[in-house]
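# Structure at a glance
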Amino acid sequence: MARAATTADAFNAIAEPRRRQILDVLADGERPVNDLVRRLGLGQPQVSKHLRVLREVGAVDVRSQGRERLYRLNGRALKPIHDWVKDYEQTWSDRFELMDGVLEDLKQKEEGDDRDD
């Protein structure tokens, strides 16, 4: 059976909103599956399925502690996403700065028009 497209790499894996929610929860620290189930309001099979995908792409690591399996974020696997987004972040920051300048000019012009009345 062919591998599903969502499990090919970290970019595809985190495209699914529930997986991003799992990563958000794990950003606060290591968690057992049952804690993720409670916090996300999903069934255990769903959470396990999403964790499997995240494990396959290396976005989360798992370890056993007694009878529990504890999951934690693996930031290194998400670094390619960070690096890719960082380029866009600079572009958007530059554009927002330009927009701030335009808005400030418009505000000053409007205040000048109000004084003329």
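Quick note: structure is the one above.
Below you will find a few notes about this structure.

Rules used in this analysis
Residues numbered from 1 in each chain as written. Predicted model: local features only at pLDDT ≥ 70, side-chain atom pairs only at ≥ 80, totals over all residues. Heavy atoms only, no water. Helix = DSSP H or I, 4+ residues; strand = E, 2+ residues; numbered from the N terminus. Buried < 20%, exposed > 50% of the residue type's maximum accessible area, 1.4 Å probe, protein only. Contact = heavy atoms within 4.5 Å. Areas by Shrake-Rupley, 256 points an atom, 1.4 Å probe, with all protein chains shown as cover. Lys, Arg positive; Asp, Glu negative; His and termini not counted. Charge placed at Lys NZ, Arg CZ, Asp CG, Glu CD. Phe/Tyr/Trp six-rings, centres within 6.5 Å; stacked < 30°, edge-to-face > 60°. Lys NZ or Arg CZ within 6 Å of the ring centre and 35° of its normal. Core = buried A, V, L, I, M, F, W, Y, C linked by side-chain atoms within 4.5 Å. Expected span 1.5 Å × (residues − 1). Arc of directions from axis to C-beta.

### Considerations on the overall build of the protein
Regarding its fold elements, the protein presents five helices and three strands. Going from N to C terminus, the protein has its helices and strands arranged as α-α-β-α-α-β-β-α. The C-alpha extent of the protein, read off along each of the three principal axes, is 75 × 30 × 25 Å. The burial tally for the protein puts 27% of its 117 residues in the buried class. Counted over contacts in the protein with a minimum sequence separation of 6, partners at least 24 positions apart contribute 48%. Summing over all exposed atoms, the protein offers an accessible surface of approximately 8,500 Å²; the carbon and sulfur share of this is 50%. The average position of the 21 basic charges and that of the 23 acidic charges among the side chains of the protein differ by 17 Å.

### What to know about the packing of aromatic side chains
In the structure shown here, the tally under the stated rule is three aromatic pairs. Ring centres of tryptophan 92 and phenylalanine 96 lie 6.0 Å apart, and the angle between their planes is 40 degrees; this geometry places the pair in the tilted category. Highlighted residues: tryptophan 92 and phenylalanine 96, both in helix H5 (residues 75-116), separated by four residues, approximately one helical turn. Using a relative accessible area of 42% as the deciding quantity, one classes tryptophan 92 as partly exposed. Put simply, the rings of Phe11, Trp84 and Tyr88 touch in pairs and so form one group of aromatic residues. Across the ring face of tryptophan 92, the terminal group of arginine 95 is positioned such that the distance to the ring centre comes to 5.0 Å.

### Topic: the nonpolar core
Counting residues in hydrophobic clusters, the biggest one holds 22 residues, and the most contacted among them are Leu23, Val47, Leu51 and Leu54. Of all elements in the fold, only helix H1 (10-13), helix H2 (17-26), helix H3 (33-40), helix H4 (44-56) and H5 reach the threshold of two or more residues within this core. Aside from chain neighbours lying at most four places away, what touches leucine 23 is Ile14, Leu54, Ala59, Val60, Leu73 and Leu78.

### Side note on H4
Relative to the 18 Å expected for 13 residues at 1.5 Å per residue, H4 spans 18 Å between its end C-alpha atoms, a close match to the ideal helical length. Residues of H4 that are buried include every one of Val47, His50, Leu51, Val53 and Leu54, and no others. Down the axis of H4, the buried set is contained in an arc of 160 degrees. They therefore lie on one face. Residues of H4 that are buried make contact with H1, H2, H3, strand S2 (60-65) and strand S3 (68-73). Positive backbone phi, at 85 degrees, marks glycine 58, one or two positions downstream of H4.

Remember, this is a structural readout, not a statement about activity or role.
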